[in-house]
Amino acid sequence: MACKEPSVILDPLKDRTKLYYQPDNFPNPSYDFSKNPVTEDGFKLGKKLFYDGKLSRDGTIACAECHGQSYAFTHHGHTLSHGIDNAIGNRNAPPIQNTAFMDSFFWDGGVFDLDFFSVAPITNPLEMDEELGNVLDKLKMTKEYPELFEAAYGSSEITTEGFLKALSQFMNSLVSANSKYDKYVRNERGGDFTDSELAGLSVFKTKCASCHGTDLFSDGTYRNNGLQVYDREPDNGRYNITENESDKYKFKVPSLRNIGYTAPYMHDGQFLSLKQVLEHYDNGVYNTDNLDPDLIKGEILGIALSEEEKLGLLAFLNTLNDPTFITNPAFAAP
Amino acid sequence: MIFFFETLEYKLEMNFSNKLYIGLIGLSSLMMSCKQTDIENPDTTNTVKIEFDNRFAAAELSLSNTQAINASGEVYTVSTLNYFVSHVVLKSETGGTVSFPNQYFLIKESDVGTQLIELPEVPRGNYTQLSFNIGVDSLKSVSDVGSRTGVLDVASYGNDNMYWSWNMGYIFFKMEGNSPDVDLKGKDKFEFHIGGFGGKEGPTPNNIKNVVLSLDHVKVSQRTSPEIHVIFDVSKVMDGGNTLKLTESPMIHNPMVGTKVSANYASGFSIDHVH
């Protein structure tokens, strides 16, 4: 027994004690853990920061404001996320999950290193509207943060690196891989699919997986999925980063994990239900510049879906919900 | 008396050897991270200083005060002028070079202390060329947060930000000011924020500019620690090879539009004198 390595993930309850792990059905992580391994004390510091309003100008907005655990770390009920002074952001806050396996962040992929992710919401005038230096100064004034930094890094000095990497440690710990689908695909207890779910999986594989690929349910590319482009202040998406015309109106293919908890949908939150999302692909696709080739076949726009297929897809998509993720007390406010 | 002298000498030696030891540690760490040279006999070295003097041709630049007129006939004043200088290289008359690849400087018109940069331990010789980047190289722009200290610390800018969080990368060059000709939602402000290191995942506009300036055999020796006075002609920002019009684009925050501006300011540097 002593010589045998414990098998990786069989019991979700046991996994709750693990801060970060690579699920069997996931690709290798993109994050370089050699530079910032997840430790218990680093995680603890990161979690405290994540839930602390000090990161915002007036102390009212913590990361958790727009990234609540109960909704898989999204901003429940808001099409566009709200920030400081009730300012309305430009986009819908994506879930924070499985960050270690992603190459880029935000709908337009403007950040390619998780360690620099947190700078954006902190300094965005519509979100937390604070200078990073001020945040560090505020932490220095406290009794507990120097102690938490000491525990995490062996020095009580509050540095940019320590601050940002602690937040990365917390985010990288937000591994979500205990959905019914995961159990199904890993042949674990509780993974028996209903006929409807099986039918949905089959439709998904032929009609959705070309973009929502791998068990992360995103191939990590940027695509124009045919949403209406509003003349007034259009969101150019990936183009804002590359300034390449062929990237106009493209957004990162989102993961579908925990999709049942993360309404509303799309970069601007325009669809309130998954049914609306399916209707969009079936009969709501607009032929705008750079529309994804998979969404136009000759004259026909979108992905034809029968009502039966839609029912199957809805059943299948709900197997991607991971209830242990949104209730895990390890991720809750300290 | 003799005893006294001996003691003094001993003390001097002690001090000297201590300093030498500290110096050697400094040198070795510099060689590891900051300085590279292929010049032989670097037994004698000295410091080279470079002063960056931002001005309008003949006139001093006084922030929010000096009025200038661009080639489009627009009157403007400059309230903020900052830029990164990096990868400084000195080339000697024998063809050897001494470079400082991991040294980054942030020149700010509002802070005189930033306008004089020091290059330590330059080997003796006569130098005929000075080159440097305006900006932060791509390797550094994708590096680990732990390697971004000093002026590259993204938390160090206060309300004078030099880092784009939304399209991650440094603002290489920043010039802001006012012009009565600009009317942008009732404000007369213009802002040029120029960045863009070329992209990590695919090619994007690159505004890293290398400036090469000739030196008239600037001598470095044990006794000579030269100070090179570089002038940056601020008027070139709007009137270099490209003529900019403030009324057309008072706000420049994207690398693509920024390429016109970076081409302009790269042509604004010259050597005024050396002393």
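Residue numbers here run from 1 along each chain, matching the order of that chain's written sequence. Following the order in which they are written, the chains are lettered starting with A and the ligands numbered starting with 1. Two thresholds apply to this predicted model, a pLDDT of at least 70 for residue-level local features and 80 or more for giving and counting side-chain atom pairs, whereas whole-chain, interface and lining totals are computed over all residues. Side-chain metrics in this entry use all non-hydrogen atoms of the structure; hydrogen atoms and water are not considered.

**Topic: the overall build of chain A**
Heads up, the rule is: Runs of H or I in DSSP of at least four residues are treated as helices and runs of E of at least two as strands, each being numbered from the N terminus. Atoms considered for the radius of gyration are the C-alpha atoms alone. The globule rule reads 2.2 Å times the number of residues to the power 0.38. The classification of residues rests on relative accessible area computed with a 1.4 Å probe and restricted to protein chains. Under 20% of the type maximum is buried, over 50% is exposed, and intermediate values are partly exposed. In what follows, a contact means two residues having at least one pair of non-hydrogen atoms within 4.5 Å. Positive charge is attributed to Lys and Arg, negative charge to Asp and Glu, and no charge count is given to His or to the chain ends. Lysine's charge is taken at NZ, arginine's at CZ, aspartate's at CG and glutamate's at CD.
Scanning chain A for helices and strands turns up 14 helices and four strands. Relative to the 2.2 N^0.38 estimate, which gives 20 Å for 334 residues, the radius of gyration of chain A is 21 Å and therefore close to what a compact globule would have. Overall size of chain A, expressed as C-alpha extent along the three principal axes, is 65 × 60 × 30 Å. The buried share among the 334 residues of chain A stands at 54%. Considering only contacts in chain A between residues 6 or more positions apart, those separated by 24 or more positions represent 67%. Side chains of chain A carry 31 positive and 49 negative charges; the gap between the two charge centres is 4 Å.

**Regarding the environment of G284 of chain A**
Residues and elements named next belong to chain A. Structurally, G284 is set in helix α12 (residues 274-284). Considered as a pair, G284 and D219 are 65 residues apart in the sequence and their alpha carbons are 23 Å apart. Apart from the residues lying within four places of it in its own chain, the contact partners of G284 are G226 and E279.

**Here's the deal with the packing of α12 of chain A against helix α13 (residues 307-318) of chain A**
Two quantities define a packed helix pair, namely the angle between the helix axes and the distance between the axes. All names here are of chain A. As a reminder, the rule being used: To get an axis, fit a line to the C-alpha atoms, keeping to the stretch in contact for a helix; angles then go from 0 to 180 degrees between the N-to-C directions. Angle categories are assigned with fixed cut-offs, so that under 35 degrees is roughly parallel, over 145 is roughly antiparallel, 65 to 115 is roughly perpendicular, and the rest are oblique. Handedness of a helix crossing follows the sense of rotation of the near helix relative to the far helix, less than a right angle counterclockwise being left-handed and clockwise being right-handed. Three categories are distinguished: nonpolar for Ala, Val, Leu, Ile, Met, Phe, Trp, Tyr, Cys and Pro, charged for Asp, Glu, Lys and Arg, and polar for the others, with Gly belonging to the last.
Two elements in contact, α12 and α13, have axes separated by 10 Å at closest approach and are oriented at 135 degrees. Considering their axes alone, α12 and α13 lie oblique with respect to each other. Considering only the axes of α12 and α13, their crossing is right-handed. Residue-level contacts link L274, K275, L278, E279 and D282 of α12 to E307, K310, L313, L314 and L317 of α13. Of the residues assigned to the contact of α12 with α13, the class counts are five nonpolar, no polar and five charged.

**As for the nonpolar core**
Stated formally: Nonpolar core, defined: a set of buried Ala, Val, Leu, Ile, Met, Phe, Trp, Tyr and Cys residues in which side-chain atoms within 4.5 Å join the residues together.
One finds F163 of chain A together with M175 and F192 of chain B to be the most contacted residues of the largest nonpolar core, which totals 115 residues. Element by element, the count of residues in this core is highest for strand β5 (residues 75-92) of chain B, at eight residues. If sequence neighbours within four positions are ignored, F163 of chain A has contacts with L49, L55, I122, L132, V135, L136, L139 and F149 of chain A. Counting 28 residues, the second largest nonpolar core, distinct from the first, contains Y181, F217, L274 and I303 of chain A.

**Focus: the pattern of salt bridges**
All names here are of chain A. To be explicit about the condition: Here a salt bridge means any side-chain nitrogen of Lys or Arg lying within 4 Å of a carboxyl oxygen belonging to Asp or Glu.
The full count for this structure, using the stated rule, is 33 salt bridges over all chains. Its salt-bridge partner being D282, residue K310 comes within 2.8 Å of it at the nearest N-O pair. Note that K310 is positioned in helix α13 and D282 in helix α12, a separation of 28 residues in sequence. In this pair, the class of K310 matches that of D282, namely buried. Connected through shared salt-bridge partners, K275, E279, D282, E307 and K310 make up one network.

**Remarks on the confidence of the model for chain A**
Short version of the rule: In predicted models, pLDDT denotes the confidence assigned by the predictor to each residue on a 0 to 100 scale.
Residues of chain A with pLDDT of at least 70 account for 95%, and the chain-wide mean is 92. Low pLDDT, under 50, characterises residues 1-16 of chain A; the stretch is placed with 22 contacts to residues that sit more than four places away or in other chains.

**Some points on the interface of chain B and chain A**
When the parts of a complex come together, some accessible area is lost, and that lost area is often taken as the interface size. Under the convention used in this document: Here the quantity called buried area is the total loss of accessible area, with a 1.4 Å probe, experienced by two parts when brought into contact, counted for both. Here a polar contact means two N or O atoms within 3.5 Å. Within protein one must be a hydrogen donor candidate and the other an acceptor candidate, and residues neighboring in sequence count only if both atoms are side-chain atoms.
Across the boundary between the two partners, chain B contributes 26 residues, which contact 26 residues of chain A. The junction of chain B with chain A conceals about 2100 Å² of combined surface from both sides, 59% of it contributed by carbon and sulfur atoms. Interface area lost by chain B to chain A is led by V145, M168 and E201 of chain B, which between them contribute 27%. The interface formed by chain B and chain A contains two salt bridges. Taken together, the connections running from chain B to chain A amount to six residue pairs in polar contact (both at pLDDT 80 or more). It is helix α3 (residues 255-266) of chain B that contributes the most residues to the side of chain B that touches chain A, three residues altogether. Residue classes in the side of chain B that touches chain A are distributed as twelve nonpolar, nine polar and five charged.

**Topic: the environment of F106 of chain A**
By the element assignment, F106 of chain A lies in the loop between α3 (63-66) and α4 (114-117). In the structure, F106 of chain A is positioned 58 residues away from L164 of chain A in sequence and 17 Å away in space, judged by C-alpha atoms.

**Quick notes on the packing of helix α10 (residues 195-207) of chain A against α13 of chain A**
Residue and element names in this part refer to chain A. α13 packs onto α10 with a crossing angle of 100 degrees between their chain directions and a minimal axis gap of 7 Å. Comparing their axes, α13 and α10 come out roughly perpendicular. Along the contact surface, α10 presents S196, E197, G200, L201, V203, F204 and K207, while α13 presents E309, L311, G312, L313, A315, F316 and L317.

**A few points about the state of the cysteines**
All names here are of chain A. Note the threshold: Only a pair of cysteine sulfur atoms within 2.5 Å qualifies as a disulfide here.
Following the criterion strictly, the structure yields zero disulfides over all chains and no others. Here C66 stays free of any disulfide, with the sulfur of C63 as its closest cysteine sulfur at 9.4 Å. On the basis of relative accessible area, C66 is assigned to the buried category, the value being 14%. Unpaired in terms of disulfides, C211 finds its nearest cysteine sulfur in C208, a separation of 8.8 Å.

**Notes on the side chain of N133 of chain B**
Here N133 of chain B is to be found in strand β8 (residues 125-134). In contact with N133 of chain B, not counting residues within four places along its chain, are F84, V85, S86, H87, I208, K209 and N210 of chain B.

**Some thoughts on the pairing of strand β11 (residues 189-195) of chain B**
Residues and elements named next belong to chain B. Put simply, the rule reads: Pairing between strands requires that DSSP locate at least two bridges from one strand to the other.
Burial within β11 is extensive, with six of its seven residues counted as buried. Strand direction decides the pairing type here: strand β10 (residues 169-178) and β11, joined by seven bridges, are antiparallel. When the bridges of β11 are listed, N178 appears paired with K189. The sheet contact formed by β11 and strand β14 (residues 251-252) spans two bridges and is parallel. The residue bridging F192 from the neighbouring strand is I252, located in β14.

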